[in-house]
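This is what each chain is made of:
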Amino acid sequence: MEKSCSLLVHFDKGTPAIANEIREALEGNDVEEKVDAMKKAIMLLLNGETLPQLFITIVRYVLPSEDHTVQKLLLLYLEIIEKTDAKGRVLPEMILICQNLRNNLQHPNEYIRGVTLRFLCRLNETEIIEPLIPSILQNLEHRHPYIRRYAILAIMSIYKLPQGEQILVDAPEMIEKLLSTEQDPSAKRNAFLMLFTCAQERAVNYLLTNVEKISEWGELLQMIVLDLIRKVCRTNRGEKGRYIKIIISLLNVPSSAVVYECAGTLVSLSYAPTAIRAAANTYCQLLLSQSDNNVKLIVLDRLNELKSTHREVMADMFMDILRALSSPNLDVRRKTLDIVLELVTNQNINEVVLTLKKEVVKTQSGELEKNGEYRQMLIQAIHSCAVKFPEVAGTVVHLLMDFLGDSNVASAIDVIVFVREIIETNSNLRVSIITRLLDTFYQIRASHVCVCALWIIGEFCLSLSEVENGLATIKQCLGELPFYSLSEEEEGNDSSKKVQQVNSMTVSSKRPAILSDGTYATQSAASETAFSPPTLVQGSLTSGNLRSLLLTGDYFLGAVVACTLTKLVLRLEEVQQSKVEVHKASTQALLIIVSMLQLGQSPVLPHPIDNDSYDRVVLCIRLLCNPSEDIKTIWLQSCRQSFVSMLTEKRLRETEEIRAMAQISNAQPDDLIDFYHLKSRKGMSQLELEDEVQDDLKRATGEFIKEGDAANKLSRILQLTGFSDSVYAEAYVTVHHYDIVLDVTVINRTKETLQNLCLELATMGDLKLVERPQNYTLAPESSKKIKANIKVSSTETGVIFGNIVYETSNVHERTVIVLNDIHIDIMDYISPAVCSDGAFRTMWAEFEWENKVAVNTVIQDEKKFLDHIMKSTNMKCLTAPSALDGECGFLAANLYAKSVFGEDALVNVSVEKQVDGKLSGYIRIRSKTQGIALSLGDKITLKQKGGI
């Protein structure tokens, strides 16, 4: 049975020391051996050993020692040992300890006095403490502040004991007098803490009496003052007006910790715009003054919370928040951009975009290794601003187009996607964008960027000059034809007769050749020509990016080039009056397309052209040879209409998400509503008046109401023991972000007193018990509430198990009751999230852990099954609703969620309806860690058979 102690030391019980060896070392005169023996004894006691035979030895040989280390270990030993018998009475031998403690409290050495006073803070036995009261009170007047501060804490702990108020009746009065004369900051803080804990009215009176001096107090005392204000205002919100003035006065103190706590306290107490603005200003100052990135991230979290509840006030702070972009840390920059993008309005959009443009320019000159990622974040932010406010697109689009040839491919892709959307939504920018794109097209080096740029050229080159420039640009980037060359004999290899002639020449015509080592050899003359491999023609220096990419075997790009050429030729027929020019352009386009097709079918590249690309290229050839009006309509209009539909659906989804995130709350019919204009304003400050208005507004809209709390609490109560057990226990599980709190109610259902009752818990998975609950004595038919804290380190399904152990006076053996297991659900740690399709595909390719679950359900409708999986896994569907429409008997959708630890959970659902009506298919889960993949798979396996 492990004991609770303030000392936490790992001890290997594989080779425990024998009590006789410890006793011999304690009886010796060697101080180092005594220290070693005391450490062994303490660790054995912590791990459940009793060692009763050591007590007298320690009293005889350790108590008289003057060594400070020995004395400190002695106090730890006294803290651990049992000081009471089975009936709760103090053991007689504790009298010896009392005498030693009294001597230590009067010892001339300050350290001995201080550690003894600290030890008394952890004693609960009144019989041991009562004889020491006079010595403790004497230490309140000691000249050394180290002793005074621990004497105050000892008095506070004694006063909080069940009989403490009878032992120290006038303790609050003494501490209040000491507080008025004390000069040491730590001792003053402890004295105020004692009044705050034990005599709150005295602490409040002292605070209000010394309001003018609060800013001069030490940092420690100011933190306790804020705790007192929070506690007082929580119980009586009507008095918060005078306390808010104190908080605002503390916002100017030099301590960053106090200023941070002041801002948090101000937000928790007041909804007035003045108070929120003061707190936001404080957070912004901390954001700029603190160099620690963790502090910056915490402050940004607080600003994000303010943004969600007080967006109007925070909209004026956007420039102060944007200054955090000066931090080199990417996480700080990313969180800063996320906050600012939600604060953008018509009034500040120009300033935000101007700042982002300056940051983009800075990334060009800097040499930091993560400049590419930062540039990508800035481009995405500008894209978001331009979509929401189209009027600013013209000021940024040309700047961003300079990065189409960026070495960071992700940034270039973001730029071209931005350009593609802007050219459709802002028709007045079409001409300038097309002109700039044709001028910078040769700089593009990434295949994905080329594909998107070619699509833009094919769809938005409308005038005659634009179409001609587009054709000329593509032709220049492809270079001269052909793409590869053959020898004369290979060109004639299609006829069997010439092959035979070449073979005969190979046999008959021979000549000497000089080898690399200088020797002679006979070589066939035909072998130099007939069997020389074909070679790629890299082109001249004027040929550009498209040729280089095609010669690497990028057939998809070749198919896109063919489609773009076809669209431009079809468009040329509409705008060009001269049939000769159209025929010439069509012939050149056919020559290029056929050359690419021959390249794909030639042996010069490592693998031949794929079937999809081949079909698209052949379709372009047929269309150019025999165009029809219906086909022209499809190629020149329908494709762009589909793109417009995609953009419309994207905006519709974003609008729906914003509406879903908006808080919907209603006031109850019988709620009290105060009319602000009918209230008495006498003696109220402007801040209090604003606060009253905000309180009434939030109460009227029902923002204070949280629905479903009662039902949620009932669902989290778990029965741990049976109704027939002598001890009944149930737990209320509260899951926070990083820890789990178990409120266990234990009821003694017998007629006997249960002694040394202890709740023993153990965990499985990435869960860790923070502290072990102590022992309790439970009266007949009484109950006790026990709290246990468990830390969570990752998103993984964990199990908490344990038992209740107790003793009775009749039976000397300990009784053990095994508890039901508590399963911690992974759903408490993940929440629906949104990411782009590109980010989803990138993570899907990078994540190494995959869990494949076969579909096994009684649900026969694909969409209902998808809804059931989303509800069971608490995930968000990224697939557009239009892609899920129809009754084709097949469904594929991507789901996404994020854990509180920042882990990404990806799910792909692919189901098909069989002939018998049942669904079949697979659900694939991918994540960076094994735990979340396995836990989600188990959850889906368990839940997928159920109905909606």
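For every chain, the first residue of the written sequence is number 1, and numbering continues from 1 onward in sequence order. Confidence filtering applies because this is a predicted model: local features only for residues at pLDDT of at least 70, side-chain atom pairs given and counted only at 80 or more, and all residues used for totals across whole chains, interfaces and linings. Side-chain calculation: all heavy atoms of the structure are included, whereas hydrogens and water are not.

How would you summarise the side chain of Glu110 if you had to cite specific residues and measurements?
Labels follow the DSSP assignment, with helices taken as runs of H or I lasting at least four residues and strands as runs of E lasting at least two, numbered in each case from the N terminus. For Glu110, the position within the fold is in helix H6 (residues 110-120). There is a polar contact of 2.8 Å between the side chain of Glu110 and the side chain of Arg143. The contact rule is simple, with two residues in contact once any of their heavy atoms fall within 4.5 Å. Once you skip the residues sitting within four places of it in the chain, Glu110 turns out to touch His142, Arg143, His144, Tyr146 and Ile147. What qualifies as a polar contact is a pair of N or O atoms within 3.5 Å, subject to a donor-acceptor requirement within protein and to the restriction that residues adjacent in sequence count only when both atoms come from side chains.

Provide a residue-level description of unusual backbone geometry, including the pertinent values.
In most cases, non-glycine residues show a negative phi, while peptide bonds are predominantly trans. The phi dihedral of Asn756 is positive, around 50°, even though this residue is not glycine. Within the element layout of this structure, Asn756 appears in strand S8 (residues 754-764). For the exposure calls, accessible area comes from a 1.4 Å probe over protein chains only, and a residue counts as buried if that area is under 20% of its type's maximum, exposed if over 50%, partly exposed in between. We classify Asn756 as partly exposed; its relative accessible area is 28%.

I'd like to hear about the environment of Leu565, residue by residue, with values.
Its location among the elements puts Leu565 in helix H33 (residues 555-575). Relative accessible area serves as the criterion here: at 2%, Leu565 is assigned to the buried category. Linking Leu565 and Ile592, residues 27 residues apart in sequence, is a C-alpha distance of 9.0 Å. In this structure Leu565 touches Leu471, Ile474, Ala589, Ile592 and Ile593, once residues within four positions along its chain are discounted.

How would you sum up helix H2 (residues 31-46)? Please name residues and give values.
When the terminal C-alpha atoms of H2 are compared, their 23 Å separation across 16 residues agrees well with the 22 Å that a helix rising 1.5 Å per residue should span. Of the residues making up H2, those classed as buried are Lys34, Val35, Ala37, Met38, Ala41, Ile42, Met43, Leu44, Leu45 and Leu46. Against helix H1 (19-27), helix H3 (54-61) and helix H4 (68-80) lie the buried residues of H2. If you check the start of H2, you find a side-chain oxygen 3.1 Å away from the backbone N of Glu32, and it comes from Asp30. The first or second residue beyond H2 is Gly48, which carries a positive phi of 105°. The span you would expect from a helix comes to 1.5 Å times its residue count less one.

Give me the nonpolar core: which residues, what numbers.
To qualify as a nonpolar core, a set must consist of buried Ala, Val, Leu, Ile, Met, Phe, Trp, Tyr and Cys residues joined through side-chain atoms within 4.5 Å. Formed by 217 residues in total, the largest nonpolar core has its most connected members in Tyr77, Leu120, Phe192, Leu207, Leu303 and Leu546. The greatest single-element share of this core, amounting to 12 residues, is contributed by H33. Ignoring anything within four residues of it in the chain, the contact list for Leu546 reads Phe441, Cys450, Leu454, Ile474, Cys477, Leu478, Leu557 and Val561. Among the nonpolar cores identified, the runner-up in size contains 30 residues, and Ala729, Ile786, Ile822 and Tyr829 belong to it.

Give me the lowdown on the side chain of Thr116, citing residues and values where you can.
Looking at where Thr116 falls in the secondary structure, it is placed in helix H6. Once residues lying within four places of it in the same chain are set aside, the contact partners of Thr116 are Leu75, Leu101, Asn104 and Leu105.

Pulling in residues and values, what's your account of the environment of Asp916?
Examined against the element boundaries, Asp916 turns out to sit in the loop between strand S19 (904-913) and strand S20 (919-927). In this structure the C-alpha to C-alpha distance between Asp916 and Gln860, which are 56 residues apart in sequence, comes to 9.7 Å. In this structure the side chain of Asp916 is engaged in a polar contact, spanning 3.2 Å, whose partner is the backbone nitrogen of Lys918.

Which residues make up a negative patch on the surface, and what values do they have?
For patches, a residue must show more than 30% relative accessible area and have no salt bridge; joins then use 9 Å for like charges and 5 Å for nonpolar side chains, namely Val, Leu, Ile, Met, Phe, Trp and Tyr. The protein chains shown are the only cover counted for residues, whose accessible areas, like all others here, come from Shrake-Rupley with a 1.4 Å probe. A side-chain nitrogen of Lys or Arg and a carboxyl oxygen of Asp or Glu constitute a salt bridge if their distance falls within 4 Å. Under the counting rule used here, the positive set is Lys and Arg, the negative set is Asp and Glu, and His together with the chain ends is not counted. Think of each charge as sitting on NZ of Lys, CZ of Arg, CG of Asp or CD of Glu. A surface patch of like charges, here negative, comprises Asp30, Glu32, Glu33 and Asp36. Within the fold, Glu33 resides in helix H2. Here Glu33 falls in the partly exposed class, since its relative accessible area comes to 42%.

Got a sec to walk through the packing of aromatic side chains? Specific residues and values, please.
Only the six-membered ring of Trp is used, alongside the rings of Phe and Tyr, when aromatic pairs are assigned; centres must lie within 6.5 Å, and planes under 30 degrees apart are stacked while those over 60 apart are edge-to-face, with the rest tilted. Going through the model one piece at a time under the given rule, you end up with eight aromatic pairs. By the ring-pair criterion, three or more aromatic residues cluster together here, those being Phe192, Tyr206 and Trp217. The ring of Tyr374 has Arg333 lying over it, and the distance from NZ or CZ to the ring centre is 3.7 Å. Positioned above the aromatic ring of Tyr922 is the side chain of Lys852, whose terminal nitrogen or guanidinium carbon lies 4.2 Å from the ring centre. By definition, being over a ring means that NZ of Lys or CZ of Arg is both within 6 Å of the ring centre and within 35 degrees of the ring normal.

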